[in-house]
Amino acid sequence: MSKELVIRGWRILREPQQIQCHTKAATECVSFHGQWPPGEQKQFCHDMLVVKQFLDETEESALLSEIEPYLKRLRYEFDHWDDAIHGYRETERKHWQPSNRTIIDRITAIAFDGVAMPYVHVLDLAATGVIKPHVDSVRYCGNVIAGVSLLSDSVMRLVRTNDEEQTNEEYRQIFAKERHMKYWADVLLPRRSLYVMRDTARYKFTHEILASNESQFRQRLVERSRRISIICRNEPT
């Protein structure tokens, strides 16, 4: 019988034998860097959740079977309206096959208390593609962003920022030049995992998917190939 588990304010509907694994995964997937002020690491861990093995292989295959025929008709793009993504294909989807709708509903139940925006974002990042540091616009989504990672492991980097830096096109260079003044977290996103960012992690940190040649976690290479993410959001407030 399924059971509800509350981890740091998140409700997780999983089988009883899987609970210990996901509780441990909450800390296994985060690596902190730089000089964090007292208490901020704890707040970050409260607002950033990773659920390993959220999908099984059958569920991943079912999602891919539904979205791949459409994605294959698209070309990878290298220009984005806010220059945040290079080497990507994307679409939005409202209607899903019943088995996949169950997966989307499970994400919605965990991350959004059952109420999310009706259109789900599907983002296909090529093996050589990159998602640059950015903070999602408050015009298009609310305080929670949740995504399932398909096909590949990856590393998401979240860097503490401020409003001025969020509007600067050279943010990556600023971080590289003033690294000693920054603090950040690298978050491992295993294949078939779910990540959920809310509140502080959503608004106060830029997030990016590290390029293949930079993809490391705790000094270990994380091989990143083509990655598809299924992303849900809630309405702007």
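Cut-offs applied
- Residues numbered from 1 in each chain as written.
- Predicted model: local features only at pLDDT ≥ 70, side-chain atom pairs only at ≥ 80, totals over all residues.
- Heavy atoms only, no water.
- UniProt positions renumbered as here; feature names shortened; annotations may be inferred.
- Phe/Tyr/Trp six-rings, centres within 6.5 Å; stacked < 30°, edge-to-face > 60°.
- Buried < 20%, exposed > 50% of the residue type's maximum accessible area, 1.4 Å probe, protein only.
- Helix = DSSP H or I, 4+ residues; strand = E, 2+ residues; numbered from the N terminus.
- Lys NZ or Arg CZ within 6 Å of the ring centre and 35° of its normal.
- Polar contact = N/O pair within 3.5 Å; in protein donor to acceptor, adjacent residues only side chain to side chain.
- Contact = heavy atoms within 4.5 Å.
- Salt bridge = Lys/Arg side-chain N within 4 Å of Asp/Glu carboxyl O.
- Expected span 1.5 Å × (residues − 1).
- Core = buried A, V, L, I, M, F, W, Y, C linked by side-chain atoms within 4.5 Å.
- Pairing = 2+ DSSP bridges.
- Patch = residues over 30% accessible without salt bridge, like charges linked within 9 Å, V, L, I, M, F, W, Y side chains within 5 Å.
- Areas by Shrake-Rupley, 256 points an atom, 1.4 Å probe, with all protein chains shown as cover.
- Lys, Arg positive; Asp, Glu negative; His and termini not counted.
- Charge placed at Lys NZ, Arg CZ, Asp CG, Glu CD.

- Taken verbatim from the UniProt record of the chain, the Cofactor (unreviewed entry) comment is "Fe(2+)".

## Quick word on the packing of aromatic side chains
Working step 1: The final tally for this structure, using the stated rule, is seven aromatic pairs.
Working step 2: Summarising the aromatic geometry, the rings of Phe 32 and Trp 36 are spaced 4.9 Å apart at their centres and angled 85° between planes, so their arrangement reads as edge-to-face.
Working step 3: Looking at Trp 36, the relative accessible area reads 11%, which means it is buried.
Working step 4: Seen in terms of ring centroids, Trp 36 and Tyr 183 are 4.9 Å apart; in terms of plane orientation they differ by 55°. Their pairing is tilted. With Trp 36 in the loop between strand S3 (30-34) and helix H2 (40-47) and Tyr 183 in strand S9 (residues 183-189), this residue pair connects regions lying 147 residues apart in the sequence.
Working step 5: Judged by relative accessible area, Tyr 183 falls into the buried class, the value being 12%.
Working step 6: Of note, Arg 160 hangs over the ring of Phe 205, and the distance from its end group to the ring centre comes to 5.9 Å.
Working step 7: Taking NZ or CZ as reference, Arg 179 lies 4.6 Å from the ring centre of Phe 175, over its face.

## What about the side chain of Ser 152?
Working step 1: Locating Ser 152 in the fold gives a position in the loop between strand S7 (144-150) and strand S8 (154-160).
Working step 2: Engagement of the side chain of Ser 152 in a polar contact is seen with the backbone nitrogen of Ser 225, the distance being 2.9 Å.
Working step 3: Leaving out residues up to four positions away in the same chain, Ser 152 has contacts with Leu 189, Arg 191, Glu 223, Arg 224, Ser 225, Arg 226 and Arg 227.

## What about the pattern of salt bridges?
Working step 1: In total, this model carries 16 salt bridges according to the counting rule given.
Working step 2: A salt bridge links Arg 89 to Asp 124; its shortest N-O distance comes to 2.9 Å. Taken together, the positions of Arg 89 in strand S5 (residues 85-93) and Asp 124 in strand S6 (residues 120-134) put the pair 35 residues apart, joining distant regions of the chain. The pair formed by Arg 89 and Asp 124 is uniform in burial state, with each residue classed as buried.
Working step 3: A salt bridge links Arg 172 to Glu 208; its shortest N-O distance comes to 3.0 Å. With Arg 172 in helix H6 (residues 171-177) and Glu 208 in strand S11 (residues 205-209), this residue pair connects regions lying 36 residues apart in the sequence.
Working step 4: Judged by relative accessible area, which is 27%, Arg 172 ranks as partly exposed.

## Focus on helix H3 (residues 57-71)
Residues spaced three or four apart along an α-helix point in a common direction, a consequence of the helix completing one turn every 3.6 residues.
Working step 1: Its 15 residues give H3 an end-to-end C-alpha distance of 20 Å, which sits within 8% of 21 Å, the value for a rise of 1.5 Å per residue.
Working step 2: Restricting attention to buried positions, one finds in H3 the residues Glu 60, Leu 63, Leu 64, Glu 66, Ile 67, Glu 68 and Leu 71.
Working step 3: Next to the buried residues of H3 lie S5, helix H4 (98-112), S6, S7 and strand S14 (227-233).
Working step 4: In this structure Asp 56 caps H3, since a side-chain oxygen of it lies 3.1 Å from the backbone nitrogen of Thr 58.

## Brief notes about the nonpolar core
Working step 1: Grouped together as the largest cluster of nonpolar side chains are 31 residues, with contacts concentrated most on Phe 44, Met 48, Met 156, Leu 158, Val 187, Tyr 195 and Met 197.
Working step 2: Those elements giving two or more residues to this core turn out to be strand S4 (48-51), S5, S6, S8, S9, strand S10 (194-198) and S11.
Working step 3: Top element by residues in this core is S9. It accounts for five residues.
Working step 4: Beyond its immediate chain neighbours, meaning those up to four positions away, Phe 44 contacts Val 30, Phe 32, Trp 36, Leu 158, Ala 185, Val 187, Ala 201 and Phe 205.

## Brief notes about the pairing of S9
Working step 1: Across the seven residues of S9, seven count as buried, placing the element largely inside the fold.
Working step 2: What you see with S9 is no split at all: Tyr 183, Ala 185, Val 187 and Leu 189 on one side and Trp 184, Asp 186 and Leu 188 on the other are buried throughout.
Working step 3: In this sheet, S9 lies alongside S3 in antiparallel orientation, the contact comprising five bridges. Paired with Phe 32 across the bridge in S9 is Ala 185.
Working step 4: Of the strand pairs in this sheet, S8 and S9 are connected by six bridges, and their pairing is antiparallel. Looking across to S9, one finds that Ser 154 is bridged to Leu 189.

## Digging into a negative patch on the surface
Working step 1: Taken together, the side chains of Glu 77, Asp 79, Glu 90 and Glu 92 make up a negatively charged region of the molecular surface.
Working step 2: Checked against the element boundaries, Glu 90 lands in strand S5.
Working step 3: Its relative accessible area of 31% is what places Glu 90 among the partly exposed residues.

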